[in-house]
Amino acid sequence: MKFMIPFVMVMLPVAAVAQSQSGAASGVPSVAIPPTTEVLVIQTPRQGVTAQQIIAVMPSEVRETVKLYLDGKIREWYSRGNGKGVIFLVEAKTEDEARAIMETLPLAKEQLMDHEYIPVGPLMPLRMLIGPGAQQ
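Residues numbered from 1 in each chain as written. Predicted model: local features only at pLDDT ≥ 70, side-chain atom pairs only at ≥ 80, totals over all residues. Heavy atoms only, no water.

Colleague: Looking at this structure, how should I read the confidence of the model for the chain?
Modeller: In this model, the chain carries an average pLDDT of 83, and 73% of its residues clear a pLDDT of 70 or more. At the level of individual helices and strands, the chain shows its lowest average pLDDT in helix H1 (residues 4–20), which scores 47, and its highest in helix H4 (residues 95–102), which scores 98. Below pLDDT 50 for its whole length, residues 3–12 participates in eight contacts with residues either more than four positions away or in separate chains. Across residues 14–24, confidence stays below pLDDT 50; counting only partners more than four residues off in sequence or on other chains, it has 13 contacts. (pLDDT = per-residue confidence, 0-100. Helix = DSSP H or I, 4+ residues; strand = E, 2+ residues; numbered from the N terminus. Contact = heavy atoms within 4.5 Å.)

The structure is reproduced here in structure tokens:
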């Protein structure tokens with residue numbers, strides 16, 4: 001067991017890279033590809049959109065975002081460290097489902113923001129920590 005932790009620490013970066021590629025293209029076994037449990041949404045202002053345009057919509061944007069949070073559709077949200085937008089963790093099983101949720105927000109309706117959708121799920125190689133019978 002004392003060798004398991006260092007082994008996992010070395011393997012986690014490799015596993016993260018493997019998970020970031022499609023299973024068929026990278027040769028990664030399908031058991032290493034996680035089910036999508038949430039979708040990370042990176043939201044940035046569109047080119048040419050001014051801060052004043054965004055600020056004008058913010059009161060309704062905040063209200064609608066809070067409603068989505070209270071309805072369990074948005075799990076977490078953060079300001080980007082560089083001040084250029086926000087990041088949401090959306091409760092969705094597909095990019096399309098997350099897109100449908102995000103398109104209900106006022107900034108999206110006004111087409112003021114660009115969105116990048118990244119499906120995420122559990123780090124599958126962690127199954128190695130709980131033994132050989134848990135590989136499925």
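Colleague: What exactly am I supposed to notice about the sheet that holds strand E4 (residues 113–120) here?
Modeller: Consider a sheet: its strands pair through backbone hydrogen bonds, and that pairing is either parallel or antiparallel. In space, the four strands of this open sheet follow the order E2-E3-E1-E4, with antiparallel pairing throughout. Whereas interior strands pair on both sides, the edge strands pair on one side only; in this sheet they are strand E2 (74–79) and E4. For this sheet, the mean inter-axis angle between neighbouring strands, taken without regard to orientation, is 20 degrees. Direction of pairing for strand E1 (residues 38–45) relative to E4: antiparallel, over a ladder of eight bridges. Considered in E4, the bridge of Val39 is made with Pro119. Across the sheet, helix H3 (residues 51–70) is in contact with E1, E2, strand E3 (86–90) and E4; its angle to E2 comes to roughly 150 degrees. Contacting E1, E3 and E4, H4 crosses the sheet at an angle of about 145 degrees to E4. (Pairing = 2+ DSSP bridges. Axes fitted to C-alpha atoms, helices over the stretch in contact; angles between N-to-C directions.)

Colleague: So what exactly am I meant to see when it comes to the pairing of E3 here?
Modeller: It is a general feature of regular strands that their side chains alternate between the two faces of the sheet. Both E1 and E3 contribute to a ladder of five bridges, which runs antiparallel. By the bridge assignment for E3, Val41 is matched with Phe88. Connecting E2 to the next strand, E3, in antiparallel fashion are six residues, including Gly83 with a positive phi near 75 degrees.

Colleague: Could you clarify how one ought to interpret the nonpolar core in this entry?
Modeller: Inside soluble globular proteins, nonpolar side chains tend to come together where they are buried. By size, the foremost hydrophobic cluster in this structure holds 12 residues: Val39, Val41, Leu68, Ile74, Phe88, Val90, Ala92, Ala98, Ile101, Met102, Leu105 and Tyr117. Among the elements of the structure, E1, E3 and H4 are those that each provide at least two residues to this core. Here the element with the most residues in this core is H4; it accounts for three residues. Ignoring anything within four residues of it in the chain, the contact list for Val39 reads Phe88, Leu89, Val90, Ala92, Thr94, Glu95, Ala98, Tyr117, Ile118 and Pro119. Val57, Leu107, Leu112 and Met113 belong to the second largest nonpolar core, which has six residues in total. (Core = buried A, V, L, I, M, F, W, Y, C linked by side-chain atoms within 4.5 Å. Buried < 20%, exposed > 50% of the residue type's maximum accessible area, 1.4 Å probe, protein only.)

Colleague: Would you explain the side chain of Thr65 in this entry?
Modeller: Following the sequence through the fold, Thr65 ends up in helix H3. Look at Thr65 and you get buried, because its relative accessible area is 6%. With near-sequence residues (within four places) excluded, Thr65 lies in contact with Ile74, Trp77, Phe88 and Leu105.

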